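Analysis of the macromolecular model
Given next are the chains, with one letter for each unit.
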Amino acid sequence: MRKLHFQPIAGKALDILDTILHTPEVTSCKEAFSDVRMACEELVANVVDYAYPDRSDGYLEVEIEKDEHAIIIRLKDGGVAFNPLEAETPDMTKPLEERQIGGLGIFIMLKKMDSVSYDRTNNENILTIKKWL
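My aim in this report is to walk through the structure given alongside it, one point at a time. Fair warning: this is a prediction, and the values are worked out from it, not measured in the lab. (Residues numbered from 1 in each chain as written. Predicted model: local features only at pLDDT ≥ 70, side-chain atom pairs only at ≥ 80, totals over all residues. Heavy atoms only, no water.)

As a further point, take the overall build of the protein chain. Along the backbone of the protein chain there are four helices and five strands. Sequence separation of at least 24 residues holds for 63% of the intrachain contacts in the protein chain that already meet a minimum separation of 6. Total accessible area on the protein chain is roughly 8,100 Å²; 50% of this is exposed by carbon and sulfur atoms. (Helix = DSSP H or I, 4+ residues; strand = E, 2+ residues; numbered from the N terminus. Contact = heavy atoms within 4.5 Å. Areas by Shrake-Rupley, 256 points an atom, 1.4 Å probe, with all protein chains shown as cover.)

Here it is as structure tokens:
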């Protein structure tokens, strides 16, 4: 298991994402790479942009596990409690100009991943995504 530690500082989401995407575990997921990238992009952006509204010293821990069957990525942060599984599903039947802003990235991530789970333990958000290979 690979463990990565970051400070989710505004403006650093792309650097964090780049580090995650260049791990051997992720780069070796050729056929699932675009789905994993999209999910990680959404999740990292959410932590950086929303987990620490007071911009206090925060953290983001990322654990990556991969075997021949699946890649599992777990993100942990001590920010504001947020369960993306409870996010409102965007109304895809409405015209684009009538839709509310937000929620589409989470909706797509939930569709692209084979498993998504959330837990709030010890004041930490723990989000785990899994993609079968």
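Still more ground to cover, so stick around.
As paired strands, strand S1 (residues 2–6) and strand S2 (residues 60–66) are joined by five bridges and run antiparallel to one another. Of the residues in S2, the one forming a bridge with Lys3 is Glu63. Here S2 pairs with strand S3 (residues 70–77) via seven bridges, running antiparallel. In the sheet register, Lys66 faces S3, and the bridge partner there is Ile71. The loop that links S2 with its antiparallel partner S3 comprises three residues. (Pairing = 2+ DSSP bridges.)

A word on the pattern of salt bridges. Considering all chains together, one arrives at eight salt bridges under this definition. Here Arg74 and Glu63 are joined by a salt bridge, their closest N and O atoms 3.1 Å apart. Of the two residues, Arg74 sits in strand S3 while Glu63 sits in strand S2, which places them 11 residues apart along the sequence. On the basis of relative accessibility, which here comes to 10%, the residue Glu63 falls in the buried class. A network of salt bridges, in which partner residues are shared, links Glu63, Glu65, Arg74 and Lys76. (Salt bridge = Lys/Arg side-chain N within 4 Å of Asp/Glu carboxyl O. Buried < 20%, exposed > 50% of the residue type's maximum accessible area, 1.4 Å probe, protein only.)

All right, on to the side chain of Asp77 then. Positionally, Asp77 belongs in strand S3. Buried and unpaired, Asp77 has no salt bridge, with Arg120 as the nearest side chain of opposite charge at 5.2 Å. In this structure the side chain of Asp77 is engaged in a polar contact, spanning 2.8 Å, whose partner is the backbone nitrogen of Gly79. Other than its neighbours up to four places away in sequence, Asp77 contacts Val47, Ala51, Tyr52, Tyr59, Asn123, Glu124 and Asn125. (Lys, Arg positive; Asp, Glu negative; His and termini not counted. Polar contact = N/O pair within 3.5 Å; in protein donor to acceptor, adjacent residues only side chain to side chain.)

On to the environment of Leu4, then. With respect to the element layout, Leu4 can be found in strand S1. A sequence separation of 12 residues divides Leu4 from Ile16, and the C-alpha atoms of the two residues are 9.5 Å apart.

Quick look at the nonpolar core now. Core analysis: the biggest nonpolar cluster contains 32 residues, and Ile20, Val62 and Ile73 have the highest contact counts within it. For this core, the secondary-structure elements that each account for two or more residues are S1, helix H1 (13–21), helix H3 (33–51), S2, S3, helix H4 (104–112), strand S4 (115–121) and strand S5 (124–132). (Core = buried A, V, L, I, M, F, W, Y, C linked by side-chain atoms within 4.5 Å.)

By the element assignment, Arg120 lies in strand S4. Residues Arg120 and Asp77, 43 residues apart in the sequence, show an inter-C-alpha distance of 9.8 Å. Those residues in contact with Arg120, other than ones at most four positions away along the chain, are Gly79, Val80, Ala81 and Asn125. Within polar-contact distance, the side chain of Arg120 engages the backbone oxygen of Gly79 at 3.0 Å. In terms of polar contacts, Arg120 uses its side chain to reach the backbone carbonyl oxygen of Asn123, at 3.5 Å.

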